[in-house]
Amino acid sequence: MHLDLSELSQLAPIFRELFKGFHVSRRDPELYAQLSNFQDQYRTLFKALGFELVCDTRGFYYFVPEQAAAQVNKTAQRLSLFTFILVEHLADQGRDPMVVLDGGSIGRDELPSLLDKYRDLFLQAEVQTVEELEEKILRRMTQLGFAHEEGGIYRFLPPMHRFLDVCLSVQQDRDLAATLHSDLPLPVPVLVVEETPEELNRTDDPLDLTPFAGEESEEDALARAIREEQQEIDA
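Since the model is a prediction, treat every value here as computed from it, not as a measurement.

A.B. asks: For this particular structure, what's the right way to read the side chain of K136?
C.D. replies: Relative to the helices and strands, K136 is located in helix α8 (residues 130-143). Although K136 lies buried, it forms no salt bridge, and the closest oppositely charged side chain, E132, sits 4.2 Å away as judged by the N-O distance. Ignoring anything within four residues of it in the chain, the contact list for K136 reads R78, E126 and V127.

A.B. asks: Please clarify how the sheet that holds strand β6 (residues 153-156) should be interpreted in this entry.
C.D. replies: Working definition: the strands of a sheet are paired by backbone hydrogen bonds and lie parallel or antiparallel to each other. Taking strand neighbours across the sheet as the criterion, the three strands line up as β4-β6-β5 in an open arrangement whose pairing is antiparallel. At either end of the open sheet lies a strand with only one pairing partner, and these are β4 (105-107) and β5 (147-150). Direction aside, the axes of adjacent strands within the sheet are offset by 20° on average. Of the pairings in the sheet, the one linking β4 to β6 comprises three bridges and is antiparallel in character. Paired with S105 across the strands is R155, a residue of β6.

A.B. asks: Can you help me understand the nonpolar core in this one?
C.D. replies: Note that soluble globular proteins tend to have their nonpolar side chains buried in a common cluster. Within the largest apolar cluster, 41 residues are counted, with the highest numbers of intra-cluster contacts made by F82, F122, M141 and F156. At the level of secondary structure, the elements contributing two or more residues to this core comprise α4 (74-92), α5 (97-101), α6 (111-117), α7 (119-124), α8, β6, α9 (161-171) and α10 (176-180). Of all the elements, α4 adds the most residues to this core, at nine residues. Leave out the neighbours within four places in its chain, and F82 touches I106, L114, F122, L133, I137, L138 and M141. One finds I14, L18, F22 and L49 within the second-largest nonpolar core, a separate group that totals 23 residues.

Rules behind the numbers
- Residues numbered from 1 in each chain as written.
- Predicted model: local features only at pLDDT ≥ 70, side-chain atom pairs only at ≥ 80, totals over all residues.
- Heavy atoms only, no water.
- Helix = DSSP H or I, 4+ residues; strand = E, 2+ residues; numbered from the N terminus.
- Buried < 20%, exposed > 50% of the residue type's maximum accessible area, 1.4 Å probe, protein only.
- Lys, Arg positive; Asp, Glu negative; His and termini not counted.
- Salt bridge = Lys/Arg side-chain N within 4 Å of Asp/Glu carboxyl O.
- Contact = heavy atoms within 4.5 Å.
- Pairing = 2+ DSSP bridges.
- Axes fitted to C-alpha atoms, helices over the stretch in contact; angles between N-to-C directions.
- Core = buried A, V, L, I, M, F, W, Y, C linked by side-chain atoms within 4.5 Å.

This is the structure we're talking about:
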């Protein structure tokens, strides 16, 4: 496929967002439209640069790391645990978890009771206060494109289907509540995500690794890789 880089007008911001683990959805109209209009071109280019672009038909795009480098990190563990907790919590309230997590919302005022009800589970994610729940989980969800916060309301976006798919898969084999309160590790999607400095400095968790880490900045890596790819195309 011949690539005309002049058509990929949003290449730099798209790469920057995907590189840090963000999920591009319709909430980001410019980037989403560009990816949708030139999906094959972006997928081909990113593949040549060593990245796999996933185009989910439910309306979002994201990077996944190479299989050999795929590692479960602390952020993925926390977000997965939070999703499982929400599914059980909403079901207990008689609310349909799929409706809430597929475009619905929860309010900040619901967090204290949620934390109190599942305190023992949140401790596994090193979350002990409402402030930590927002900082370590909900804020990370917004930073990665899984949710959007406005006026104390967290609205869930289409990329949440990555975690919902895992929940549904588990429910086919066992009761969700039993899974939550068992000693078995929860399955989690593999995320390309930059960990916080606090998490990166941890030495006691072998799972706390970040894909694509290196000395070269993302902008320099992109510029160098595009130059090399363009040289191959011209040749």
